[in-house]
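# Structure assessment
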Amino acid sequence: MADYDLGDVSVVMGAYNEADAIGHVLDAVTAATDGRAEVVVVDSSSDGTAAIARERGARVVEQEPKGYGAALSTALAASTRPVVVTTDCDDTYPLERIPDFLARVNEGYDVVSGDRLYRGADAMPAFNRLGNVAFALGASALAGQRLHDVTTGMRAYRRDVLTEITWTENTGLSAELLLRPAMRDYAVREEPIDYGERRGETTLDPLTGGREIAGSILRVCAEERARAIRRRLPF
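Now for a quick tour of the structure. Everything numeric here is computed off the predicted structure, so don't read it as measured data.

## Some points on the packing of helix α5 (residues 126-143) against helix α8 (residues 206-232)
The geometry of α5 relative to α8 is characterised by a closest axis approach of 10 Å and an angle of 10° between their N-to-C directions. One finds that α5 runs roughly parallel with respect to α8. Between α5 and α8, the residues in contact are Phe127, Asn128, Phe135, Ala139, Ala141, Leu142 and Ala143 and Pro206, Leu207, Gly210, Ile213, Ala214, Ile217, Leu218, Cys221 and Arg225, respectively. Partitioning the contact of α5 with α8 into residue classes produces 13 nonpolar, two polar and one charged.

As structure tokens, then:
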């Protein structure tokens, strides 16, 4: 059993033109962690998101727009604390649940993954919700274990998980961040969470993004199955 507290938490996120939401998100992080968490925002915006984040005390890393995974990977690498919580900058996730996720890590879980679909995710557009259900079903079949929400943006990780695995995906990084640990038998728990209306406009095209996420799921599952086979070989 670990004994991490809120001062051992890094909260990380990538941001792209989220000026309408970023202040609310960071205020929620501060309230949930008593202002003790390290907060890292990797920003590729042109709308003042970075300035708002700095005003709220976040460490801002600016980089050219390269996609969701590129931003989040930079944020993960920039974090320094033993428990890392990921979230999005659109104010859809219940950040008041950070202490609950930390408690699950202290119970021994390596990854605690927020399951938006368990409670219906009624605030999610119907097309997106259907796609996320399909991603979960397809990923479950390919991974050989039931996974309920593979594209959620809110998770907590022990740092060891993030450093022991090589991450390769961009738009599909959210799925990869669950699939590789699950298929390598890390202790993974999916935790039901509420999901709210986003603030501001989405910058991800659901069709293009959906194709890229589906490709990532296929690729990652194939790679992990091949890895498992190689590890069973006697030579």
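## A word on the sheet that holds strand β2 (residues 38-43)
Strand order in the open sheet made by the seven strands is β3-β2-β1-β4-β6-β5-β7, with mixed pairing throughout. The sheet is open, and its two edges are formed by β3 (59-62) and β7 (188-192), each paired on a single side. Direction aside, neighbouring strands of the sheet carry axes that sit 20° apart on average. In this sheet, strand β6 (residues 155-158) lies alongside strand β5 (residues 111-115) in antiparallel orientation, the contact comprising three bridges. Within the sheet, the bridge partner assigned to Val111 lies in β6 and is Tyr157.

## Thoughts on unusual backbone geometry
Of note, Asn17 is a non-glycine position whose phi angle comes to about 55°, a positive value. Here Asn17 lies in the loop between β1 (9-15) and α1 (22-33).

## Describing the pairing of β5
Across the five residues that make up β5, a large majority, five, are buried. Residues Val111, Ser113 and Asp115 point to one face of β5 and Val112 and Gly114 to the other, with burial holding for every one of them. In terms of strand pairing, β5 meets β7 through five bridges, oriented parallel. Bridged to Asp115 within β7 is Pro192.

## Describing the side chain of Asp90
Among the secondary structure elements, Asp90 is positioned in the loop between β4 (83-86) and α4 (98-107). Among the polar contacts listed, one links the side chain of Asp90 to the side chain of Thr92, at a separation of 2.7 Å. Sequence-distant contacts of Asp90, that is, excluding residues within four places in its chain, are made with Glu18, Ala21, Val25, Glu197, Arg198 and Arg199.

Rules and cut-offs
- Numbering of residues begins from 1 in every chain and follows the order in which that chain's sequence is written.
- Local features in this predicted model are restricted to residues whose pLDDT is 70 or higher, and side-chain atom pairs enter the listing and the counts only when it is 80 or higher, whereas totals over whole chains, interfaces and linings include all residues.
- Remark: hydrogens and water are excluded; side-chain values derive from all non-hydrogen atoms of the structure.
- Interaxial angle, 0 to 180 degrees, is taken between N-to-C directions of lines fitted to C-alpha atoms, where a helix line uses only the stretch in contact.
- Only DSSP runs of H or I covering at least 4 residues are called helices, and only runs of E covering at least 2 are called strands; the numbering of each starts at the N terminus.
- Comment on the angle field: the value is read as roughly parallel under 35 degrees, roughly antiparallel over 145, roughly perpendicular from 65 to 115, and oblique elsewhere.
- The contact definition used throughout considers only heavy atoms, calling two residues in contact when any of these lie within 4.5 Å.
- By the convention adopted, Pro, Cys, Tyr, Trp, Phe, Met, Ile, Leu, Val and Ala count as nonpolar, Lys, Arg, Asp and Glu as charged, and the other residues, Gly among them, as polar.
- Pairing between strands requires that DSSP locate at least two bridges from one strand to the other.
- We call a residue buried when its accessible area falls under 20% of the maximum for its residue type, exposed when it is over 50%, and partly exposed in between, using a 1.4 Å probe and counting protein chains only.
- Polar contact criterion, stated in full: a pair of N or O atoms within 3.5 Å, where within protein one must be able to donate a hydrogen and the other to accept it, and residues adjacent in sequence count only if both atoms are side-chain atoms.

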